[in-house]
Structure formats: C-alpha cells, structure tokens
Amino acid sequence: MAKYFMGIDAGTGSVRVAIFDEKGHMTAYDVKEYPSYYPKSGWAEQNDRDWWNALKEAIPVCIRKSGVKPEEIVGISCDGTSSTTIFLDKDGNSVRTPILWMDVRASEEAQSISELAKDCDALKFYRSGVPAESLIPKCMWVKKNEPENWDKTVTIFEFTSWLHWKLSGKKTTNMSVAAFRWLYDDKNGGYPMDLYRAIGLEDVVEKFPADILKTGTPIGKVDFEIAQELGLDPDTMVIEGTLDAVACMVGVGSVKPGGMALIGGTSSCLFGLSTTDFHELGVNGTYPNLLYDGTSLVEGGQASSEGILNWFRNNLVPKEWEEQARERQIGIYDFIARQAEDIPIGSDGLIMIDYFQGNRAPYSDSDARGMFWGLSLGHTTAHMARAVLEGVAYGACHCIRCMKDAGYDVKEIYACGGLAESDIWMQMHADIIGVPMYTTQESQSAGCLGNSMVVAVGCGIYKDLEEAAENMVVINKKFEPNMENHEKYKYYMESYIETWPLMSDLVHRMVKPIWIVPSMPPSSRPSR
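All figures in this text were calculated on a predicted structure; none of them were measured in a lab. (Residues numbered from 1 in each chain as written. Predicted model: local features only at pLDDT ≥ 70, side-chain atom pairs only at ≥ 80, totals over all residues. Heavy atoms only, no water.)

Draft legend 1. Broad picture of empty space enclosed by the protein. Under the counting rule described, the total for this entry stands at five cavities of 30 Å³ or more. In this structure, the largest cavity spans a volume of roughly 220 Å³. Lining the largest cavity are 20 residues, with Asp244, Ala245, Ser267, Cys269 and Arg360 positioned closest to its centre. Looking at the lining of the largest cavity, the elements with two or more residues in it are α6 (175–181), α9 (244–251) and β12 (268–274). When residues in the lining of the largest cavity are grouped by element, the largest group, three residues, is from β12. (1 Å grid on protein atoms, 1.4 Å probe; cavity = no way out; pocket = protein on both sides within 12 Å on 5 of 7 lines; lining within 4 Å. Points joined across faces, edges and corners; volume = space filled by probe spheres on them. Helix = DSSP H or I, 4+ residues; strand = E, 2+ residues; numbered from the N terminus.)

What follows is the structure, given as structure tokens:
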C-alpha cells in the first residue's frame, strides 16, 4: 500500500493542509482562512471555534482533491503559530479568547521578567530581553488582570499542542514549544521554577500538559469520533510536531548544524542549529535540544517583515499601480517589486526601519516602532517601495551580523514564504547580507512539508530528519550575491544600524501614551 503524510500548518490568517508522498511530492492542498480580532491597541486575538471550522473544511477537501484513500495516510503532524496561547477549563472549553502571537499587551510583564536576569539563570536565553509576545508574560497578564479566568484554567498550551489535542484527544507539550518560549531547559532540569516563583507563576506548571514530547514522537491514533467527522482513518497516527517556524525550517531542508533558514511571513524568523551553546546580546537562544538532541536552536527574527509590504500595498500603493498590474496580468506584489527595482540602491537616501510591530532581535523591544527617514520632495512611491524591501532585508542582515559576532557564521540561507516568491527581493537579500540565498520547490508549503517529514521519521520511513530532507526537499533556485552591490549597500546598512539607538528614547515617549487608548476598531485580517 502506498504511504502518504498529512501536514497541517496553521498560520496567522489561515490553515493549510497538504498531503505528500515519500519523495516530497505534494498530491493536494487546501487553505481555509479565519479572522483575527484587535480589541485594543497592541492586542490581537483569535477564536478557537474559527480554527476548528477551518480544519473541518480543509481536511476533507484536501483528501478529496488528492485522490488518496484515508487509510493510505499513515500519519499527521501539525504546527501552529508560536506563542498563540490557549486557556482551557476542566471540560476542555476556552475560558477566554486565545491570545494571538503578535499580541504585546504583556510588555510591562515582559520587562519585569527581564529585570530578573541577574538572579535567574534561565534568562540567559534572552540576553536582549524577554519578548512580550511569548507565553509566560501573557500568563502573568491573565493571572493579574483576569483572576477569575486564571482560576478556571486547568490547561495552558500553544496552538501546536491544541491542534494535536483536537486530533488525538491527548494533551501534550512539544519540546520545541517549551524550549522556545517557556524557558524549558532540557539539559538542566526542565522548567525554571525559581523564575516562575519570582514572577508569581508558581502554579503555571500544573496547568501545562504533563507530557513533554520530542518532535517525531507518536502521540497516538486519531480519535475515532474526530476521524469520522474529518474523513480520516482512525488508524492514522498523530505525530508530535513542532512550532510553525521550525516546521518551515525542516521543510526547506535546513536540518544540519551550521545552516540558516529565513522563514518569511507577517513576521520573519531566522533559525539555525548549533552543536555548541552560547548566550549573547542580540541573539536569542541557544535553546537546547529544541528540534533534536545534540543541537541547539539559534534565533534571530523580525516582528514585522512581509506585514510591512502588506501595509504598504493597502495604504500607499496608488490605484494606477493596481490598474497597470491587472493590465499586465501580474500580481500587485510583483508589480511593486518591479517598480522598486528601477530605483537606485539605497533608495536615494531613504531608509525604512522595520520595527512596525516592535523589534524581536537584536533588541527584543516590544515598544519599538518603524519609521522612514531621509524623505525629500524628490522621493516617489517607488522610492518608498524600494525602502520597504531594503529595510526588511537590512533587518535580516542585522540579525545575521549579531549571530556572526556571537560565533555563528552563516554561509548560506534557505528561504520560504512570500519573500521566496520574489526573485527581486531574494536577490536584494543576497546582495545586502552577502551570502547565497536558496528557495525550494515547496517554499510556499514548507510548513506542511516539514510536518510531513516529521511524520515520515516518526512512522519509521526515514531514520532522521537529515535523511528525510535528502529524499523530500528539492532546491529550485539559487541567488548569488552581487558583491559590487554588497559593497554599495554597506553604507546604508551602517546607517540603518545607527538609527535605533539614536531614536529609541523619542519613539518610546510616543508609544507609551498609546497604551491608554481604550479601544481600536478591528482591522483587516493579516496574512501569515
């Protein structure tokens, strides 16, 4: 009997379900969207009922499209947005709306944790500061501001674990999730109880699922009733997956130590695997045994990347650009990139700082905000378009430089997400960073492929992720850096790096009053 694997990738704006064979060929996929809600400035939430309704639609449709028999799907693995936090009561119902990853209401709590760095060894993973978007500050906020909800909560976990629970009926925690944002140290005693006690969360561990499983561990078969509801075979195994960006890292084949994956989306992650541990300013981690034993995850990232391009398209792109794109029968984002391509390197002295939703690295500052500077009457919309593309690439380069300063020297980068769809933007990244950039055949479904590779290992088809990558990942494009352009970019890159230390105090003074605004209307749903 043929063997197939189902990967489920739940992003910010939609869930994608895909089915792959043993060679990484996709037989079918389906995508269903769900909304986000923004009740106040800095807040972002989603409804787990919307998630489930999307899954109930996407899974049967994907199976139908594929022509694969349900019994031929040997396993399923999932990923969900990291730091999206769910609070369940004793009956398995949400006691409050799940808090989305991008929510930064807990910035004060994150700051109070960061101030304990000298006293708590666990904070070595966040030398630059604890991210406000992460689960632990969110738990502090709920316990302080919604004590009745905290008291009713018996289970706290993230989106990835919620997906596996809904399919299998078993509550687990994934090692990658616990190590990444819960400060779980697999090499040194697990949860940092001294820190949890110091911040008033001495009771949080009892609300976490007891089982912490490593990626690729079988959880159990699909729950019988759920299998009937979704059109799955009840003998299909549910395999412990990983957080969303790590699933994408696996899906582009960056599973060997020393590599680097750039996972594009509303935000971006830069992930590599190191065989040695280090903890330095400007780099988050390294997180021990996060993906597999003997390696630690190196983290950089941008809280806003493709999300800024979406903002630019929605707010600044003139109608004539939309009309010209339709006339030429090309996508609007491709048209934007082509307009930007005609502008000189450095956008004629215009620089964009990409901290629209705060800074994840190297500063870990949830109160940071973006900006354009250097504007003149001679600048056009096309200049701003190029400044957006360059600014996002500068942000990635800044993270890579900090990694190099810490001893992790990146020689090549494998990319996925919307970035990987634009040859112009990929080349710009290569030129600015100064290393080759690669895309893969399934760069737009990297999370689903990564999950399917995890299934292939968990079900014994391949011995490890490296063997799975050799058989299931196909490189389709390489972008060599133009070193002449790289030299030109150095001046603008240095100007980008110099900006935030000069502007941070002023920006912070402007941001703080915003937190007292009582509410803001819901905005359009972001894409991942």
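Further notes follow.
Draft legend 2. Representation of the confidence of the model for the protein within the structure. A residue-level look at the protein finds 97% of positions with pLDDT of 70 or above and a mean pLDDT of 93. Considering only residues more than four positions removed or in separate chains, one finds that residues 515–528, a stretch of pLDDT under 50, has 43 contacts. (pLDDT = per-residue confidence, 0-100. Contact = heavy atoms within 4.5 Å.)

Draft legend 3. Representation of helix α10 (residues 306–315) within the structure. Three or more residues of α10 are buried, namely Glu306, Gly307, Ile308, Leu309, Asn310 and Phe312. If you follow the buried residues of α10, they end up packed against α11 (319–328), α12 (332–341), β15 (351–353), α13 (381–405) and α14 (423–433). (Buried < 20%, exposed > 50% of the residue type's maximum accessible area, 1.4 Å probe, protein only.)

Draft legend 4. Representation of the nonpolar core. Counting residues in hydrophobic clusters, the biggest one holds 110 residues, and the most contacted among them are Met6, Ile8, Trp162, Leu232 and Phe271. Looking at this core, the element that brings in the most residues is helix α1 (residues 48–66), giving eight residues. Residues in contact with Trp162, not counting those within four places in the same chain, are Asp48, Trp51, Trp52, Leu55, Ile86 and Phe157. The next biggest cluster of nonpolar side chains, apart from the first, holds 67 residues, and it includes Ile308, Trp321, Ile336 and Ile345. (Core = buried A, V, L, I, M, F, W, Y, C linked by side-chain atoms within 4.5 Å.)

Draft legend 5. A look at the packing of aromatic side chains. Using the criterion set out here, one finds 22 aromatic pairs in the structure. Measuring from ring centre to ring centre gives 6.2 Å for Tyr191 and Tyr196, while their planes differ by 40°; the resulting arrangement is tilted. Here Tyr191 matches Tyr196 in class, with each residue buried. Linked through ring pairs, Phe125, Tyr126, Phe180, Phe271 and Tyr287 together constitute an aromatic cluster. A cation sits over an aromatic face here: Lys65 above Tyr29, 5.8 Å from the ring centre. Over the aromatic face of Phe180 sits the side chain of Arg181, whose NZ or CZ is 3.8 Å from the ring centroid. (Phe/Tyr/Trp six-rings, centres within 6.5 Å; stacked < 30°, edge-to-face > 60°. Lys NZ or Arg CZ within 6 Å of the ring centre and 35° of its normal.)

Draft legend 6. Spotlight on the sheet that holds strand β19 (residues 475–479). Strands sit in the order β13-β14-β12-β11-β17-β18-β19 across an open sheet of seven strands; the sheet is mixed. Only two strands of the sheet have a single partner each, and these edge strands are β13 (284–288) and β19. With direction set aside, neighbouring strand axes in the sheet form an average angle of 25°. Of the pairings in the sheet, the one linking strand β11 (residues 261–263) to strand β17 (residues 413–416) comprises three bridges and is parallel in character. (Pairing = 2+ DSSP bridges. Axes fitted to C-alpha atoms, helices over the stretch in contact; angles between N-to-C directions.)

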